[in-house]
Amino acid sequence: MEYKSYSLHNFREIPQMRYLNEEQKFNIEVVGTVLPFKTNNYVLDELIDWDNFETDPSFILNFPQKEMLDKSSYKIIASLLERNASKKEVQDAVRKIRLGLNPNPAGQESNVPVFEGQKLNGIQHKYREIMLFFPTQGQTCHAYCTFCFRWPQFALNEFKFAMKEADTLVKYLKAHPEITDVLFTGGDPAIMKTRFFEAYFEALANADLPNLKNIRIGTKSLAYWPYRFTIDPDADDLLRLFRKMKRKGFNIALMAHFNHPGELKTGAVKEAVGRLISAGVQIRSQSPLLRHINANADIWAENWREQVKLGIIPYYMFIARDTGPRDYFAVTLNQAWHIFRNAYNQVSGICRTVKGPSMSCHPGKIQVVGVTEVKGQKVFVLNFLQGRNPSWVGKPFFAKYNTDAVWIDDLEPAFGETKFFFDENYYVMQA
Ligand SMILES: *Cc1c(COP(=O)(O)O)cnc(C)c1O
Ligand code: SF4
């Protein structure tokens, strides 16, 4: 299958654009000028139901929607495009709007380590056991998600996390024997040719790192381009490489992003999952909870059931990050808990490996365990699934109930406390 990619400059050539009227195409152009936009022939031909495209989750996931920009930003860009403004004028306006969209959420910048006096821009090390690695060749994706918090990487160069040298990666791991997991991330590292995977994996395998157990790959390719693992020219080589790493004693885990059950239904994705599992690769799934895409318990239950049937292990339900068009996708913490609980309730135990709903915020991954009443006060029960300080993990704490809250910043400690238990330590760590 030949990969055909579409973005702002050629989307009008997409055959299915015949289903859209001029106004709908113009909206894509306006919003796509601000938010990164890219799709491909697999998504277009296999995932989107064009008879109902306006509400189709794969369509909304790839194609910019008018409501993803606030009204005034929309108007500014629309009028610039209508009067054929100069490139420079458009770029200046776009830049301003982007910087207002919180391009660097949850202080990712502060996860970038300094090592031997040098800032390692291709690494993030926030949680003790696990290091994120951003290979230079993996900083794009087979298609772009409209909700994505990594969007500045495609749109704003100065926020790019990337690094070339496998050497530095290995050196950093040697200096940090507490690390058991390396997570290749991006963008989507599975966009890389197999020979790049090979170079990085060989470096890890030859480095004598006795504590390194798990090599993880965070990827959306199973949903956006499953041919990466089936009929792409170097797909067989990739599977052979995974097998070889298994033989050398590493666990290879694909952290797969599936946002709704439609992404699991094609023959191509089923074949890809089957081939990966036969090669000994573990597949775990994660997704944010997104209004307009999957904000419904039955969708999640179906997603988990379908995944488990294929051999995928449900792993995380995330709260959508506070970046980009977050208002368009936002679900309140209260709704998120209800959706999680109602989905969790209708599946069997083997689907309940999933954790969530969880906010990846500055102090850590905070789970909304639920809403309850303690001594007459309604509260959220929260819990760290991961902490910038590992000792915070697994210690329930309380916040005042607030039906409007969509993120940790909207929460206050319960019972008249002025601080959460981790606040003081957290401020010390920041200093
Ligand atoms: C989520 C995340 C990880 C992975 O955490 P696990 O709970 O082990 O899957 C690692 N680093 C960062 C910065 C993360 O946000
Ligand atoms: S595939 Fe992942 S990194 Fe790429 S746009 Fe989607 S969510 Fe973002």
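Source: prediction; values computed, not measured.

1. With respect to the overall build of the chain
In step 1: For the chain, the count of helices and strands is 15 helices and 15 strands.
In step 2: In terms of overall dimensions, the chain is globule-like: its C-alpha atoms have a radius of gyration of 22 Å, near the 22 Å expected for 431 residues.
In step 3: Considering only C-alpha atoms, the chain reaches an extent of 55 × 55 × 50 Å along its principal axes.
In step 4: Excluding contacts between residues fewer than 6 apart, the proportion of contacts in the chain whose partners are at least 24 apart in sequence is 72%.
In step 5: Accessible surface, the chain as shown: approximately 18700 Å² in total, 49% of it carbon and sulfur.
In step 6: Computed over 53 positive and 47 negative side-chain charges, the inter-centroid distance for the chain is 4 Å.

2. A short note on the domain arrangement of the chain
In step 1: The domain boundaries assigned to the chain delineate domain 1 (5-99) and domain 2 (105-315).
In step 2: Between domain 1 and domain 2, the C-alpha centre-to-centre distance is 27 Å.
In step 3: Across the contact, 21 residues belong to domain 1 and 29 residues belong to domain 2.
In step 4: Taken together, the two surfaces of domain 1 and domain 2 that pack against each other cover about 2100 Å², and 63% of this comes from carbon and sulfur.

3. Examining the site of ligand 1
In step 1: Around ligand 1, the structure places Lys-126, Tyr-127, Ile-130, Leu-132, Arg-216, Tyr-315, Tyr-316, Lys-365 and Gln-386.
In step 2: A distance of 2.6 Å is found between an oxygen atom of ligand 1 and a side-chain nitrogen or oxygen belonging to Tyr-316.
In step 3: One of the side-chain nitrogen or oxygen atoms of Lys-365 is found 2.9 Å away from an oxygen atom of ligand 1.
In step 4: Notes on ligand 1: free accessible area 390 Å², of which the protein chains cover 88%.
In step 5: Mapped onto the shell around ligand 1, the elements with two or more residues apiece are strand 5 (123-127), strand 6 (130-133) and strand 11 (313-319).

Rules and cut-offs
Residues numbered from 1 in each chain as written. Chains lettered and ligands numbered in written order. Predicted model: local features only at pLDDT ≥ 70, side-chain atom pairs only at ≥ 80, totals over all residues. Heavy atoms only, no water. Helix = DSSP H or I, 4+ residues; strand = E, 2+ residues; numbered from the N terminus. Rg over C-alpha atoms; globule rule 2.2 N^0.38 Å. Contact = heavy atoms within 4.5 Å. Areas by Shrake-Rupley, 256 points an atom, 1.4 Å probe, with all protein chains shown as cover. Lys, Arg positive; Asp, Glu negative; His and termini not counted. Charge placed at Lys NZ, Arg CZ, Asp CG, Glu CD. Domains from an automatic or database assignment. Buried area = accessible area lost by both parts, 1.4 Å probe. Near = heavy atom within 4 Å. Polar contact = N/O pair within 3.5 Å; in protein donor to acceptor, adjacent residues only side chain to side chain.

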